[in-house]
Amino acid sequence: MTPADAHTDAGTGPAPQADTGAEDTLDLELSEEILALFGEDPPATEAMRPLPGAPASPVPGGAGPAAVARPAMSRAAASDLLDHPADWRPVTTPAGVFQLVPVRLERDLAVLTRWMNDPAVAAFWELAGPEAVTAAHLRPQLEGDGRSVPCLGVLAGIPMSYWEIYRADLDPLARHYPARPQDTGIHLLIGGVHNRGQGVGTTLLRAVADLVLDNRPRCARVVAEPDLRNTPSVSAFLSAGFRFSAELELPDKRAALMVRDRIHRARL
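Report follows, based on the coordinates. Values in this document were obtained by computation on a predicted structure and should not be read as measured data.

Each value, and the rule that gives it
Residues numbered from 1 in each chain as written. Predicted model: local features only at pLDDT ≥ 70, side-chain atom pairs only at ≥ 80, totals over all residues. Heavy atoms only, no water. Helix = DSSP H or I, 4+ residues; strand = E, 2+ residues; numbered from the N terminus. Buried < 20%, exposed > 50% of the residue type's maximum accessible area, 1.4 Å probe, protein only. Contact = heavy atoms within 4.5 Å. Areas by Shrake-Rupley, 256 points an atom, 1.4 Å probe, with all protein chains shown as cover. Phe/Tyr/Trp six-rings, centres within 6.5 Å; stacked < 30°, edge-to-face > 60°. Pairing = 2+ DSSP bridges. Right-handed = clockwise from strand over helix to strand, strands pointing away. Polar contact = N/O pair within 3.5 Å; in protein donor to acceptor, adjacent residues only side chain to side chain.

1. As for the overall build of the protein chain
A count of helices and strands for the protein chain gives seven helices and eight strands. Here the protein chain holds 268 residues, and the buried ones make up 51% of them. A separation of at least 24 residues holds for 74% of the contacts in the protein chain among residues at least 6 apart in sequence. Surface exposure of the protein chain reaches about 11,900 Å², of which carbon and sulfur atoms provide 57%.

2. A closer look at the packing of aromatic side chains
Inspection of every chain in the model, using the stated rule, returns three aromatic pairs. Ring centres of F98 and W163 lie 6.0 Å apart, and the angle between their planes is 65°; this geometry places the pair in the edge-to-face category. Linking F98 in strand 2 (residues 96–102) with W163 in strand 4 (residues 158–167), this pair joins segments that are 65 residues apart in sequence. Take F98 and W163: they sit in the same class, and that class is buried. On the basis of an interplanar angle of 85° and a centroid distance of 5.1 Å, the ring pair of F237 and F242 is categorised as edge-to-face. Given a relative accessible area of 1%, F237 falls into the buried group.

3. Some thoughts on unusual backbone geometry
Of note in this structure, D83 is not a glycine but carries a positive phi near 60°. As for its position among the elements, D83 is in the loop between helix 2 (75–79) and strand 1 (91–93). A positive phi is found at Q182, a non-glycine position, where the angle reads about 75°. Note that Q182 resides in the loop between strand 4 and strand 5 (184–190).

4. A look at the pairing of strand 6 (residues 221–224)
Regular strands show a simple pattern: their side chains alternate between the two faces of the sheet. Here strand 6 shows two buried faces, one formed by R221 and V223 and the other by V222 and A224. As paired strands, strand 5 and strand 6 are joined by two bridges and run parallel to one another. Opposite T184, over in strand 6, you have V222 as the bridge partner. Remark: the strand 5/helix 6 (residues 200–215)/strand 6 crossover connection has right-handed handedness.

5. A word on the side chain of Q141
For Q141, the position within the fold is in helix 5 (residues 131–142). For Q141, a relative accessible area of 7% corresponds to the buried category. Within the structure, the side chain of Q141 is placed 2.7 Å from the side chain of S148, a separation counted as a polar contact.

What follows is the structure in structure tokens.
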């Protein structure tokens, strides 16, 4: 999955200094089982939960890239990769009640395409264009093995953000940092302009990181890789309890590796 950048709403701040603690410098030898999970995704295994009362939108014609054949995972293994985000309960935040609702293409494509064509979002996600462009980004996740789950962020009953919760240790990102088993990654964008610049992004970043840690007991770290040029995004992660760990040279950007540690959760 191509890493996508967050567009959040915190103000600019001082350039973060890299954390040089030993906890991010271990050498991890991935098992053959984990290495086998890299590559194209197999057919879908789970249906997405509907969002009550949400308007439907048509799905444009055309399929995504053809999948490369590889050993299929069992349905149980695939559904277990992220501990079922569809079942994660709503949480109360200072901004209101918030819930992650897995994307359904036929229901959500129109609103997601509109958000992707917002110039502030398109500058980092690079998915501006017709519905087919957004659909092509979503299909590998929706038809995949469950290592990445695209979700709407619903605040006070209104869809207002887009999230991707993914297994960072099974993602190509793991080739660029010392990944640990069960590392869980976050991509996000805030869809409505009126929700930016008011601290909402920081509030929801903290809430979603907490959701991951509460619902994924085997996960010790939540990670993200916003574009270093996106200073408001990096600042929002810092304000949400993440620490700046390193700069990463990724194929499509120079990124800030942001980490929220379970062991530091109560202090940050």
